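Each chain, written out:
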Amino acid sequence: VAGAAGAAGADGSAAEGLEAAAAGFRQAAAQVLSAVQQHALACVREEEEAMAALMAKAVATQSARIDLRLSQLDQLCAAVRSQRSSLEHDRHVLFAERLSLERRKIIATEQLKAQFQAKQQQQQQQQQQQ
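About the thresholds
Residues numbered from 1 in each chain as written. Predicted model: local features only at pLDDT ≥ 70, side-chain atom pairs only at ≥ 80, totals over all residues. Heavy atoms only, no water. Helix = DSSP H or I, 4+ residues; strand = E, 2+ residues; numbered from the N terminus. Rg over C-alpha atoms; globule rule 2.2 N^0.38 Å. Buried < 20%, exposed > 50% of the residue type's maximum accessible area, 1.4 Å probe, protein only. Lys, Arg positive; Asp, Glu negative; His and termini not counted. Charge placed at Lys NZ, Arg CZ, Asp CG, Glu CD. Patch = residues over 30% accessible without salt bridge, like charges linked within 9 Å, V, L, I, M, F, W, Y side chains within 5 Å. Areas by Shrake-Rupley, 256 points an atom, 1.4 Å probe, with all protein chains shown as cover. Salt bridge = Lys/Arg side-chain N within 4 Å of Asp/Glu carboxyl O. pLDDT = per-residue confidence, 0-100. Contact = heavy atoms within 4.5 Å.

So what exactly am I meant to see when it comes to the overall build of the protein here?
When helices and strands are tallied, the protein shows 1 helix and 0 strands. For a compact globule of 130 residues, the expected C-alpha radius of gyration is about 14 Å, and the protein comes in at 55 Å, more than 25% above that figure. Along the longest, intermediate and shortest principal axes, the C-alpha atoms of the protein span 190 × 15 × 10 Å. The proportion of buried residues among the 130 residues of the protein is 0%. Across the protein, 14 positive and 14 negative side-chain charges occur, with their mean positions spaced 29 Å apart.

What follows is the structure in structure tokens.
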């Protein structure tokens, strides 16, 4: 009986040892899983920070491109305004030249009329004298 009790005690202590070992493995596994989880969370944070930095760079690049295009558009508008002003000036000059030409034409026509009338009067006087 004592042998059976000793065997039962040995079996009980072996079972307790197995349970203690299993508990130790569970605790070690939990610690490993916790460490893996912490590492994964750190990797996720780093990736999120990297993605945020890339997005910030992309936004800054697009903003710079838009600013450049707006600057180019402003320059183009200034060039168009300058050309419009130049065309308006040229239009005024052309109008003044046409007006001057028309006045000279009128003066020349009046001079020709006066010369023609003078010549006619001279011819009439010559005919009357004969």
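How should I be thinking about the environment of Leu 87 in this particular structure?
Here Leu 87 lies in helix H1 (residues 2-129). Each C-alpha atom of the pair Leu 87 and Arg 104 lies 25 Å from the other, and the pair is 17 residues apart in sequence.

Looking at this structure, I do not really get a negative patch on the surface. What am I missing?
On the surface, Glu 46, Glu 47, Glu 48 and Glu 49 cluster together to form a negatively charged patch. Relative to the helices and strands, Glu 47 is located in helix H1.

Before we go on, may I ask you to explain the confidence of the model for the protein in this structure?
Detailed reading of the predicted model is not advised wherever pLDDT is low. Of all residues in the protein, 91% have pLDDT values of 70 or greater, and the mean over the chain is 91. Low pLDDT, under 50, characterises residues 1-8; the predicted model gives this stretch 0 contacts beyond four residues in sequence or across chains.

How do you make sense of the pattern of salt bridges when you look at a structure like this?
Opposite charge on two side chains permits pairing when their charged atoms draw close. Applying the stated criterion to the full structure yields 1 salt bridge. Between Glu 88 and Arg 91 there is a salt bridge, and its shortest N-O distance comes to 2.8 Å. Taken together, the positions of Glu 88 and Arg 91, both in helix H1 and 3 residues apart, correspond to about one turn of that helix. Using a relative accessible area of 34% as the deciding quantity, one classes Glu 88 as partly exposed. Residue Arg 91 is classed as exposed on the basis of its relative accessible area, which comes to 57%.

Got a minute to help me understand the environment of Ala 79 in this structure?
When you line up the elements, Ala 79 lands in helix H1. A relative accessible area of 37% places Ala 79 in the partly exposed class. Considered as a pair, Ala 79 and Gly 17 are 62 residues apart in the sequence and their alpha carbons are 92 Å apart.

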